Amino acid sequence: MLTSALSMLSFALIGAITPGPVNIIATSSGANFGWRKTLPHVSGATLGYVLVVLVSGLGLNSLNQVLPQFTHILQYAGAAFLLYMAFKIATAAAETDTESTGLSSPPSLAQGAMAQLLNPKAWLVAMSGVALFVATQAEANLYLSLFVSLSFVACFICVGCWAVFGQLISRWLNTPKRLRFFNRTLGAMLALTVTTLFI
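What comes next is a walk through the structure. (Residues numbered from 1 in each chain as written. Predicted model: local features only at pLDDT ≥ 70, side-chain atom pairs only at ≥ 80, totals over all residues. Heavy atoms only, no water.)

### Things to note about helix H1 (residues 2–17)
Residue pairs spaced three or four apart in an α-helix point in one direction, given the helix's 3.6 residues per turn.
Here's step 1: Here H1 contains 16 residues, and its C-alpha end-to-end distance of 22 Å stays within 8% of the 22 Å for a straight helix at 1.5 Å per residue.
Here's step 2: Listed in full, the buried residues belonging to H1 are Ala5, Met8, Ala12, Gly15 and Ala16. Seen along its axis, H1 keeps its buried residues to an arc of 100°; they face one direction. Those residues of H1 that are exposed and aimed more than 90 degrees away from the buried face are Leu2, Thr3, Leu6 and Ile14.
Here's step 3: Packing partners of the buried residues in H1 comprise helix H2 (21–33), helix H6 (120–133) and helix H7 (140–169). (Helix = DSSP H or I, 4+ residues; strand = E, 2+ residues; numbered from the N terminus. Expected span 1.5 Å × (residues − 1). Buried < 20%, exposed > 50% of the residue type's maximum accessible area, 1.4 Å probe, protein only. Arc of directions from axis to C-beta. Contact = heavy atoms within 4.5 Å.)

### What about the nonpolar core?
Here's step 1: Counting 43 residues, the largest nonpolar core has Tyr49, Phe147 and Leu190 as its most contacted members.
Here's step 2: At the level of elements, H1, H2, helix H3 (35–66), helix H4 (70–90), H6, H7 and helix H8 (176–196) are the ones that each hand at least two residues to this core.
Here's step 3: Considering every element that reaches this core, the biggest residue donor is H7, with 9 residues.
Here's step 4: When neighbours within four sequence positions are excluded, Phe147 is seen to be in contact with Met8, Phe11, Val53, Ala126, Gly129, Val130, Phe133 and Val134. (Core = buried A, V, L, I, M, F, W, Y, C linked by side-chain atoms within 4.5 Å.)

### Considering empty space enclosed by the protein
Here's step 1: By the definition in use, this model includes 1 cavity of 30 Å³ or more.
Here's step 2: Of the voids in this model, the largest cavity is the one considered here, and its volume is about 180 Å³.
Here's step 3: Secondary structure elements with two or more residues in the lining of the largest cavity: H1, H2, H6 and H7.
Here's step 4: With 4 residues, H7 is the single largest residue contributor to the lining of the largest cavity.
Here's step 5: Within the lining of the largest cavity, the residues separate by chemical class into 10 nonpolar, 6 polar and 1 charged. (1 Å grid on protein atoms, 1.4 Å probe; cavity = no way out; pocket = protein on both sides within 12 Å on 5 of 7 lines; lining within 4 Å. Points joined across faces, edges and corners; volume = space filled by probe spheres on them. Nonpolar A, V, L, I, M, F, W, Y, C, P; charged D, E, K, R; others polar.)

### Observations concerning a nonpolar patch on the surface
Here's step 1: A surface patch of nonpolar side chains, about 490 Å² in accessible area, is lined by Leu47, Leu109, Phe152, Val153, Phe156 and Ile157.
Here's step 2: At 4 residues, H7 tops the list of elements feeding residues into the nonpolar patch.
Here's step 3: Counting through the fold element by element, Val153 comes out in helix H7. (Patch = residues over 30% accessible without salt bridge, like charges linked within 9 Å, V, L, I, M, F, W, Y side chains within 5 Å. Areas by Shrake-Rupley, 256 points an atom, 1.4 Å probe, with all protein chains shown as cover. Salt bridge = Lys/Arg side-chain N within 4 Å of Asp/Glu carboxyl O.)

Dropping the structure here:
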């Protein structure tokens, strides 16, 4: 079981540390508000991902058979939410910029969870992990519990690292012009991730 746990942890860490919508939002929030104020987003994203893994393990395939449109609904809802967050990031205030309509506060726990629940990358990673590490086991519930626990740890650490990275580069973003450029770049990157949902 130790070998399986190490494999699960490696898989979860790789899935959580790679760039994606949730990590882009964490980086932007870390740069604009600092790591501590980004913790609600990190926590929400972690709880959202754990729920995704749990639902995947408990029968997402059954849901898809009953409601085949589920993946399409998720795809369009996710695209709309991510475009909304991209707009908020791109138009975030840069200290002296009072005309901005973007992020005036760090993303909340609920927004972090929603970003993860509507993130197709999260669902694909979770379903792949469940297929690899849970579905083939005789004691599926035990392995699902282990995978959910390890996913919680990996997601919290990795999304938190992106928030810390944002805070660290905020020292370079010490002028409104640089911060505006950074926010617009991250907003554009997040909007571009939406196109991958439809490829």
